[in-house]
Amino acid sequence: QVQLVESGGGLVQAGGSLRLSCAASGIIFSINAMAWYRQAQGKQRELVATISSLSNTNYADSVKGRFTISRDNAKNTVYLQMNSLKPEDTAVYYCNTMIGRAQRPYWGQGTQVTVSS
């Protein structure tokens, strides 16, 4: 079955950096677009960044210039490098992909990122 497992979250001071990883299994990783979402407490889940199978990327305006999404098809892993972190980046970060003609979404369990001021 499809599994997405995130890691790399933690507590960091404002201005610091973290790198999130999402290891995928049960899918043909190289042909799937991947995405990172986040959900802050009391807020709706929002799209942070996407990367296509050809490694084309898109970012939310709030993270442009600070976050970088990348993928390693040999490791079935997608990354989110987060630099110049701000307290407003505090959230649970989720890995996502959509599979098949029906574009069924799959989610990881999430990893907490907390940025202190």
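Scroll up for the structure.
Let me begin by describing the structure that accompanies this report. (Residues numbered from 1 in each chain as written. Predicted model: local features only at pLDDT ≥ 70, side-chain atom pairs only at ≥ 80, totals over all residues. Heavy atoms only, no water.)

### Quick notes on the overall build of the protein
Here's step 1: Counting secondary structure elements, the protein contains 0 helices and 11 strands.
Here's step 2: Ordering the α and β elements of the protein from the N terminus gives β-β-β-β-β-β-β-β-β-β-β.
Here's step 3: Computed over the C-alpha atoms, the radius of gyration of the protein is 14 Å, within 12% of the 13 Å expected from 2.2 N^0.38 for a compact globule of 117 residues.
Here's step 4: Overall size of the protein, expressed as C-alpha extent along the three principal axes, is 45 × 25 × 25 Å.
Here's step 5: Looking at the protein residue by residue over its 117 residues, the buried ones come to 38%.
Here's step 6: Partitioning the contacts of the protein with sequence separation of at least 6, the portion at a separation of at least 24 is 53%.
Here's step 7: Carbon and sulfur atoms make up 47% of the accessible area of the protein, which amounts to about 6,500 Å² in all.
Here's step 8: In the protein, 11 positive and 6 negative side-chain charges are present, and the distance between their average locations comes to 6 Å. (Helix = DSSP H or I, 4+ residues; strand = E, 2+ residues; numbered from the N terminus. Rg over C-alpha atoms; globule rule 2.2 N^0.38 Å. Buried < 20%, exposed > 50% of the residue type's maximum accessible area, 1.4 Å probe, protein only. Contact = heavy atoms within 4.5 Å. Areas by Shrake-Rupley, 256 points an atom, 1.4 Å probe, with all protein chains shown as cover. Lys, Arg positive; Asp, Glu negative; His and termini not counted. Charge placed at Lys NZ, Arg CZ, Asp CG, Glu CD.)

### Looking at the nonpolar core
Here's step 1: Within the largest apolar cluster, 27 residues are counted, with the highest numbers of intra-cluster contacts made by Trp 36, Val 48, Phe 67, Val 78, Leu 80, Met 82 and Tyr 93.
Here's step 2: The set of elements that each furnish at least two residues to this core consists of β3 (18-25), β4 (34-39), β5 (46-51), β7 (67-72), β8 (77-82), β9 (91-99) and β11 (111-116).
Here's step 3: The residues touching Phe 67, leaving out its near neighbours within four places in the chain, are Arg 38, Val 48, Tyr 59, Leu 80, Gln 81, Met 82, Asn 83, Leu 85, Asp 89 and Tyr 93. (Core = buried A, V, L, I, M, F, W, Y, C linked by side-chain atoms within 4.5 Å.)

### Thoughts on the environment of Leu 4
Here's step 1: By secondary structure assignment, the location of Leu 4 is in strand β1 (residues 3-7).
Here's step 2: Overall, the relative accessible area of 6% leaves Leu 4 in the buried class.
Here's step 3: With 19 residues separating them along the chain, Leu 4 and Ala 23 place their C-alpha atoms 5.7 Å apart.
Here's step 4: Setting aside residues no more than four positions away along its own chain, Leu 4 makes contact with Cys 22, Ala 23, Ala 24, Met 34, Cys 95, Asn 96, Thr 97, Tyr 106, Trp 107, Gly 108 and Gln 109.

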